[in-house]
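What the coordinates show
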Amino acid sequence: MGSFLWNLFNQDHFLGRVLSRIFDLILLNVVYLVFCIPLVTIGSASSALYYTTVRMAEGTDVRPLRDFLKGFRENFKAITPIWLVILAYSILLGTVFGLNQQRMWGGDHVGWIYIILITLIVLVILFCEWLFVLQMRFENTRRELIKNAMLFLVRFLPSLLLIDTGHIALLLLALSAPPLYPITIIFGFSLPALLKGYYFSHIFSKVMVELKADGESTVAPPNRKENSFPASNVEE
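Cut-off values and rules
- Every chain begins its residue count from 1, and numbering advances along the sequence as written.
- It should be noted that, the model being predicted, local features are given only for residues of pLDDT at least 70 and side-chain atom pairs only at 80 or more, the latter also being counted only at that level, while totals for whole chains, interfaces and linings use all residues.
- In computing side-chain values, all of the structure's heavy atoms are included and hydrogens and water are not.
- Here, the term nonpolar core denotes a set of buried Ala, Val, Leu, Ile, Met, Phe, Trp, Tyr and Cys residues that are joined through side-chain atoms within 4.5 Å.
- The buried label goes to any residue with under 20% of its type's maximum accessible area, the exposed label to any with over 50%, and the partly exposed label to all in between, with areas taken from a 1.4 Å probe on protein chains only.
- The way it works is that DSSP assigns letters per residue, a run of H or I at least four long becomes a helix, a run of E at least two long becomes a strand, and they are numbered from the N terminus.
- Only heavy atoms matter for contacts: two residues are in contact if any of them lie within 4.5 Å across the pair.
- Pairing of aromatic side chains requires ring centres within 6.5 Å, counting the rings of Phe and Tyr and the six-membered ring of Trp. Pairs whose planes differ by under 30 degrees are stacked, by over 60 edge-to-face, and all others tilted.
- By this rule the span expected of a helix is its residue count minus one, scaled by 1.5 Å.
- Throughout, the arc means the angular range of directions from the helix axis out to the C-beta atoms.
- A pairing counts as a salt bridge when a side-chain nitrogen of Lys or Arg comes within 4 Å of a carboxyl oxygen of Asp or Glu.
- pLDDT measures the predictor's confidence residue by residue and takes values from 0 up to 100.
- In the analysis that follows, any N or O atom pair within 3.5 Å is treated as a polar contact, provided that within protein one partner can donate a hydrogen and the other can accept it, and provided that, for residues neighboring in sequence, both atoms belong to side chains.

Let's shift gears to the nonpolar core. Of all hydrophobic cores here, the largest spans 50 residues; its most connected members are W130, L131, V133, L134, F200 and F204. Ranked by residues supplied to this core, first place goes to helix α5 (residues 111-137) with 11 residues. Among residues more than four places away in sequence, those in contact with L131 are I79, I82, I86, L145, I146 and A149.

Following this line, the structure appears as structure tokens:
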């Protein structure tokens, strides 16, 4: 019996791998939430989260805490200045959004402003995602990083928007029901990040093959950053 249980929960067994991955995601989610408590570190924490989950998606041997901290250290200096600018812009957008929401509840008709603000907020969220994941994957200057993030945003807008809509809907559902709060704490960010890790891995493989066909780059191993990703080749 003991031998059976040992084999059942061994990582070489399917159930053992599933349970190990669940534990990894729980640990990763908790660590991510802790590192997001200071608002200034959300950018580097998100980049570290994608650094870890993309490695998971690509089948690399991952130790969540070690890899998260490694990704955080490597991306902190590069991503934080950009994130602080985005954070200030987001606070401004949120303030304007709140003021106009109050006016709408008061009976004023400012629907078009409401739509513009929601659109800008969505674009900022999607831009940040590309910024974080590109920073963890490629080595570029800040200017090239921002340019690449914008180009990826435009080229892959529908697909990432669809994925994020599902993520936000699930988060709102979990937050609307107190009994579901633990799910957010346990899996609310790490599980969607893992699913998006498969998406980002597919996108990167596709784009790197295109670059390789052009003779400009080769696909690097998944546990290393690519070198100087050329922004101009992201466009259709």
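Further notes follow.
In the structure shown here, the tally under the stated rule is 15 aromatic pairs. Residues W130 and F152 carry aromatic rings whose centres are separated by 4.9 Å and whose planes lie at 35 degrees to one another, so their mutual orientation is tilted. Taken together, the positions of W130 in helix α5 and F152 in helix α6 (residues 142-155) put the pair 22 residues apart, joining distant regions of the chain. In terms of burial, W130 and F152 fall into one category: buried. Judged by centre distance (5.9 Å) and plane angle (40 degrees), the ring pair of W130 and F156 falls under tilted. Linking W130 in helix α5 with F156 in the loop between α6 and α7 (157-176), this pair joins segments that are 26 residues apart in sequence.

With that settled, consider α7. For α7, built from 20 residues, the straight-helix expectation of 28 Å at 1.5 Å per residue is met to within 8% by its first-to-last C-alpha distance of 28 Å. Of all the positions in α7, only L160, D164, H167, L171 and A174 are classed as buried. Projected down its long axis, α7 shows its buried positions confined to an angular sector of 80 degrees, all on one face. Along α7, exposed side chains directed more than 90 degrees from the buried face belong to P158, L162, L172, L173 and S176.

As enumerated under the stated definition, the model contains six salt bridges in all. The salt bridge partner of R55 is D67, with a shortest N-O separation of 3.6 Å. Pair noted here: R55 is in helix α3 (residues 42-57) and D67 is in helix α4 (residues 64-105), with a separation of 12 residues, a long-range link. On the basis of relative accessibility, which here comes to 7%, the residue R55 falls in the buried class. Look at D67 and you get buried, because its relative accessible area is 2%. Between D67 and R66 there is a salt bridge whose closest N-O contact spans 3.1 Å. Several salt bridges converge on common partners, so that one network encompasses R55, R66 and D67.

So, on to the confidence of the model for the protein chain. Of all residues in the protein chain, 79% have pLDDT values of 70 or greater, and the mean over the chain is 79. Of all helices and strands in the protein chain, the one with the weakest mean pLDDT is helix α1 (residues 2-9) (47), whereas α3 scores best (93). Note that residues 217-224 has pLDDT below 50 and, in this model, 17 contacts with residues that lie over four places away or in other chains.

Bringing the side chain of N75 into the picture now. With respect to the helices and strands, N75 occurs in helix α4. Reaching out from N75, the side chain makes a polar contact with the backbone oxygen of G71 at a distance of 2.7 Å. Engagement of the side chain of N75 in a polar contact is seen with the side chain of Q135, the distance being 3.1 Å.

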